[in-house]
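# Understanding the architecture of this molecule
These are the residues of each chain, in order.
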Amino acid sequence: MKRRDLIKSLTILPIAGKLFPIQSVLAAPVTGQNIPFNPQDKPMPALHRNSFVMDGHTHVMTRELLMKTDIGQRYTDGNVDLPRAKEGGVDAMFFSVYTPEHYYPGRFETKNTFRVVNLALDQIKKNNAVIELALNASDITRINKKGKIAAFLDLEGGYDLEGDIDLLRALHRLGLRGMQLTAHNTTNGFIDACNDISYWGGINDLGKKIIAEMNSLGMVINVAHASNDAILQTVEASKHPVIYSHGGFYSIVNHPRCISDEAAKAIAAKGGVIGIHFGSLFNNPKYWAWQKPPATPRVTVPKGTRPASLVPGSNKQTIEDVDKTLALEVPLNFRGTIPEEYWMHVDQLAKVIDYGVNLVGEDHMALGSDLDGGPELPHEIKDISDYPQMTMAMQKLGYSDQRIKKILGLNWLRVIRQVTEG
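All of the points below concern the structure found in this document. Everything quoted here is computed from the prediction, not taken from an experiment. (Residues numbered from 1 in each chain as written. Predicted model: local features only at pLDDT ≥ 70, side-chain atom pairs only at ≥ 80, totals over all residues. Heavy atoms only, no water.)

### Quick notes on helix α16 (residues 401-421)
At I407, α16 shows its maximal kink, close to 60 degrees. When α16 is considered as a whole, its buried residues turn out to be I404, K406, I407, L408, G409, N411, W412, L413, V415, I416 and V419. (Bend = angle between axes of the 7 residues up to and from the residue. Helix = DSSP H or I, 4+ residues; strand = E, 2+ residues; numbered from the N terminus. Buried < 20%, exposed > 50% of the residue type's maximum accessible area, 1.4 Å probe, protein only.)

Written out as structure tokens, the structure is:
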């Protein structure tokens, strides 16, 4: 099942194995955005150039794993590579490695996670002139002083659907410092996903143990893709601030992947940060109204039912077979055309940020683009080199320089410091 199709086909909860049809216009095999690209048309305000800029959710390593490419080289497609990140003035990123649903039926999620983390470390080492691994906030600052990008290793997807804490500890030893608790859009053995059936009513006792272990290890806990109850319970269980790395606000777009005001306030009250996703699907009400599939009935299961992801199946694919299937989707970008009336501009993203600032305060808002993860990017943004557009959009709101600097990256840095060095 394609990652983007999975997100788009859900409103409340899925019926197992069913996907709603995508609008035919979005199925068109068109790569990239609708406007021509000219690298000379990329302004960078002095404020952006002089600010610490960190993205809270940037996909890397999937194409490198499957297509044997090098993130240090400029790609002709996709959204992210190191040359374009430098051009966009990006100083640090949650270097988000990804283990999607494709690997779950065969229970290859652990093998994929370790090989993609290992590859990330190899790619960082290979491109050491441009990027270095950061284990804490002090590392990020030190790396930036050398003029390099800091990579803060973060996992999206299931590291182990059963939640083996020994595997978590091993990943920490390899350098993993952030992790999304859910198995992407799938409920696993310890936490409910927002787009899946609720098996645990939030988190269970194992979930609490994993949260405590991550607190002890100094790992950033990410509740993006978690159910509302799971977010609230995670915030309560954690001793440290937690983050919601990438999404929108449910009050603006009532997609299940968007965060409720209640959950956003809870994260902020604990000192956490909410990252705004760059996609139309989560931030543009007109686009969501156009794309919204029919509502599906809510599915309930008897208490104690084992999540579907953990029930042994008859899958006979090898991990190499799964790789070939996923490779057909690489790069993991939106491919299609959007009619002008549904196409979002950066000013709409700025309005979403402003909603968050008014709701939880400027100390708890940030950017989590999901670049190379499939979002339908705003009119003004083609790839990571266009990051200055976000600064200009916030300047148009009349924000102070200090507020913009917090949202561009200082809020992420503060949370990382509290969690990894507290």
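### Points about the pairing of strand β2 (residues 92-99)
With respect to burial, β2 is a largely interior element, eight of its eight residues being buried. Here strand β1 (residues 54-59) pairs with β2 via four bridges, running parallel. The residue of β2 that forms the bridge with D55 is M93. Here β2 pairs with strand β4 (residues 149-157) via eight bridges, running parallel. Among the inter-strand pairings, S96 is bridged to a residue of β4, identified as D154. (Pairing = 2+ DSSP bridges.)

### Side note on the packing of helix α15 (residues 388-396) against α16
Contact pair α15 / α16: the axes reach a minimum separation of 10 Å and the direction vectors enclose 150 degrees. Of the possible angle classes, the one that applies to α15 and α16 is roughly antiparallel. For α15 against α16, the interelement crossing comes out right-handed. Of α16, the residues touching α15 (which contributes T391, M394 and Q395) are I404, I407 and L408. When the residues that make up the contact of α15 with α16 are grouped by side-chain class, the tally is four nonpolar, two polar and no charged. (Axes fitted to C-alpha atoms, helices over the stretch in contact; angles between N-to-C directions. Parallel < 35°, antiparallel > 145°, perpendicular 65-115°, else oblique. Left-handed = near helix turned anticlockwise from the far one by under 90°. Contact = heavy atoms within 4.5 Å. Nonpolar A, V, L, I, M, F, W, Y, C, P; charged D, E, K, R; others polar.)

### Concerning helix α8 (residues 205-217)
For α8, spanning 13 residues, the distance from its first C-alpha to its last is 18 Å, which sits close to the expected 18 Å at 1.5 Å a residue. Inspection of α8 places G207, I210, I211, E213, M214 and N215 among the buried residues, and these make up the whole buried set. Where α8 is buried, its residues meet α7 (165-174), β5 (178-180), β6 (220-222) and α9 (228-237). Among the residues of α8, the N-terminal cap falls to N204, whose side-chain oxygen and the backbone nitrogen of L206 are separated by 3.1 Å. Positive backbone phi, at 80 degrees, marks G218, one or two positions downstream of α8. (Expected span 1.5 Å × (residues − 1). Polar contact = N/O pair within 3.5 Å; in protein donor to acceptor, adjacent residues only side chain to side chain.)

### With respect to the packing of aromatic side chains
Each aromatic ring pair is specified by the distance between its two centres and by the angle formed by the two planes. Applying the stated criterion to the full structure yields six aromatic pairs. Where F278 meets Y387, the ring centres are 5.6 Å apart and the plane angle is 45 degrees; that geometry is what we call tilted. With F278 in the loop between β8 (273-276) and α11 (280-283) and Y387 in the loop between β9 (365-367) and α15, the pair connects residues that are 109 residues apart, well separated along the chain. The two residues F278 and Y387 agree in class, both being buried. Each member of the aromatic cluster is reached from another via a ring pair, and the members are F94, F152 and W412. Over the ring of Y399 we find R403; its NZ or CZ atom is 4.7 Å from the centre of that ring. (Phe/Tyr/Trp six-rings, centres within 6.5 Å; stacked < 30°, edge-to-face > 60°. Lys NZ or Arg CZ within 6 Å of the ring centre and 35° of its normal.)

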